[in-house]
Structures are given as structure tokens and as C-alpha cells.
Amino acid sequence: MTQPLSAYEITGRTRLICLLGDPVSHSKSPMMHNEGFRQLGLDYCYLAFKADENTLEATVDGLKRLNCRGFNLTMPCKNKMAALCDHLSPAAGIGGSVNTVVNEEGVLTGHTTDGLGFLRSLREAGQEYTGRKMVLFGAGGAGTAILVQSALDGMKEISVFSRSSSPLIARTKQIVDTLSRQTSCRINLFDYDDAVLAREIASAQILTNATNIGMAPDVERCLLADASYFHKDLFVADAIYNPVETRLLKLARNAGCRTVNGLPMLLYQGAEAFRLWTGEELPVEIVKKKYF
């Protein structure tokens, strides 16, 4: 292995990789990726830059001119970035959302790694998903990525709950229609209703919250009123990682369910982006120990 670079060693050949979005100051991505570069002796530097839908196109053009190797996107830039890419991965194309871009001599290929990170977090927790049924709360950015990748990777059935009044509902219906045509996954879209929630969760093996309900500072909020919805064979995942145990996960744990929060998803989506940029595997155990 190449000798690791020191914490602040920049050379005349160092290439930029970055994060674009607003806000970005809270992100763990710079620590995660720069640690990986140091450990593997890779001559890259990862920085975070504030950008929004109004400035994204000009920012991306500048990064191309600077021969930036690639970049991540967070809110509110994921959907607009899909329109700025030259090519899209299958999952990014179906979802119309991009969180990772690879630049090959000015040709931009957009990927979405959130769903891959989520599925890897299930595997690492010992939960099989192929041929299983999942109930999914939310069809925003994270929810769409989880929905698309789960359907592509062999989930048997997904019950998606999203407010019928959501401005994204038409887009969600289009994604569901596309996945129903292109995969064997059975997907149903529901509005939130206690009786329907109880029925769908009763026959599911996985329950996933991909909304911001329960995120700090509103930590007492939960889409389920009590633990009566859970059963012992249900695995409960929450894309939220602050707090590390949401009210949903606490209710599930007390009901005897196995659970996982959003930190592994965050780590593993980053690991997939790292592989796309560098061709190397992120040293996840080192990164996990230091920053997760």
C-alpha cells in the first residue's frame, strides 16, 4: 500500500472532490473521504461548498473547467443535478435524482448511492431483503433512492406511504409506474391511514422511515402512535441519525424488534461514492471508528 498522506499534504497534482448543497457545514463527508484518501495514499482533497438550485449550474461548470474528479450533492441540488449530467445510472435515471457525480474529461455521469448505502446497512445488520416486503414512510430524496434501489435489487413488495397532498406525489406515482414496468417488485402507494398502516406493517418484514419525522430537534415526533403496530419478526430502519435512536426506533426496540439508524446508510453511501471516484474501497472500519 502507498504510504498514507499526512493530514494536510497537498501536492501540485492533488485533484478536488467536493460536496455541493445548502447547508453543508454539518456534513461528515469531508472527514470521511479525506480520511480514506489519507489511509490509501490517494492524492485527492474533499471540500464542502454552499450551492443551491440557482447557483448549481454555474458551480458545476466551474468544477468541470477545474477538472474536479467528482462531487456529491445534498439538498436542494439532487434533482436539478440529474438534468445537468451527460449520463445517468439506472437508479438515478428512474428516480430523477443524483447524489454522486463522476467527471471523466468533462463528461458527467450521475449516480445515486443512498439506496445502495441503505441496502448495505440492512445486510450488515443481518437483515435479508431479497424476496421480502418493506413498508416505506416517505418518497422524498432519501425515500425515492431507497424505493428505486430496493425494487431494482430484488425486494418482492414495497408499500409506500406518502401524503396525497405532497407536491411530489405526481413524481412519486411516475416512479412507481416505471418500477412496476421494469422490475418484478409489487409496489403500492398509500396515504397515511391508521388501519392501512396496521394492515401493511403486519405482513411486512422491514419497516423504513425515510421522512424527517423524529429528527432533532423534534425528537418526540413519530408517525406511529404506539408499539401496537410492531411484531417480533419486523426489522425497523430509520434514515435519521440525529438522534441516534428516534422515537420510532425506541418503540420498535422495546417491542422486541431489531433496529438500525441512519448512520450506517450515511457511511455506506459514502463508501460507494468513494469507489466510483477512486476505484478503491473506503476503509470503512477506520472511518467508522473515528467519525461514526
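Here, every reference points to the structure presented above.
I will try to describe carefully the structure that is included in this document.

Conventions used here
- Residues numbered from 1 in each chain as written.
- Predicted model: local features only at pLDDT ≥ 70, side-chain atom pairs only at ≥ 80, totals over all residues.
- Heavy atoms only, no water.
- 1 Å grid on protein atoms, 1.4 Å probe; cavity = no way out; pocket = protein on both sides within 12 Å on 5 of 7 lines; lining within 4 Å.
- Points joined across faces, edges and corners; volume = space filled by probe spheres on them.
- Helix = DSSP H or I, 4+ residues; strand = E, 2+ residues; numbered from the N terminus.
- Nonpolar A, V, L, I, M, F, W, Y, C, P; charged D, E, K, R; others polar.
- Phe/Tyr/Trp six-rings, centres within 6.5 Å; stacked < 30°, edge-to-face > 60°.
- Buried < 20%, exposed > 50% of the residue type's maximum accessible area, 1.4 Å probe, protein only.
- Lys NZ or Arg CZ within 6 Å of the ring centre and 35° of its normal.
- Salt bridge = Lys/Arg side-chain N within 4 Å of Asp/Glu carboxyl O.

**Points about the layout of surface pockets**
Over the atoms, a rolling probe the size of a water molecule traces out where space has been left empty. Put simply, the largest pocket is a space of about 1,300 Å³. As for the largest pocket, its lining consists of 43 residues, of which T74, M75, K78, A142 and M215 are closest to the centre. Among the elements of the structure, strand 3 (70–73), helix 3 (78–84), helix 6 (141–152) and helix 10 (263–278) are those that each provide at least two residues to the lining of the largest pocket. Residue classes in the lining of the largest pocket are distributed as 19 nonpolar, 18 polar and six charged.

**Concerning the packing of aromatic side chains**
Per the counting criterion, the structure on display carries seven aromatic pairs. Ring geometry for F37 against Y44: centres 5.4 Å apart, planes inclined by 40°, an arrangement best described as tilted. For the pair F37 and F274, a centre-to-centre distance of 5.4 Å together with 25° between the ring planes defines the contact as stacked. Here F37 is found in helix 1 (residues 29–40), whereas its partner F274 is found in helix 10, with 237 residues between them in sequence. Per residue, the accessibility class of F37 equals that of F274, and both read buried. Three or more aromatic residues joined by ring pairs make a cluster, and in this case those are F137, F161, F190 and Y192. Positioned above the aromatic ring of F292, the side-chain terminus of K28 is 5.4 Å from the ring centre.

**A closer look at the pattern of salt bridges**
Within the structure shown, the criterion is met by 15 salt bridges. A salt bridge links D61 to R65, with the nearest nitrogen and oxygen atoms 2.9 Å apart. Here R65 and D61 lie together in helix 2 (residues 56–65), a separation of four residues that amounts to about one turn. Of the charged contacts, one joins E245 and R253 as a salt bridge, the two residues approaching to 2.6 Å between their closest N and O atoms. Take E245: its relative accessible area is 31%, and that puts it in the partly exposed class. Via salt bridges that share partners, K133, E157, R186, R199 and E200 belong to a single interconnected network.

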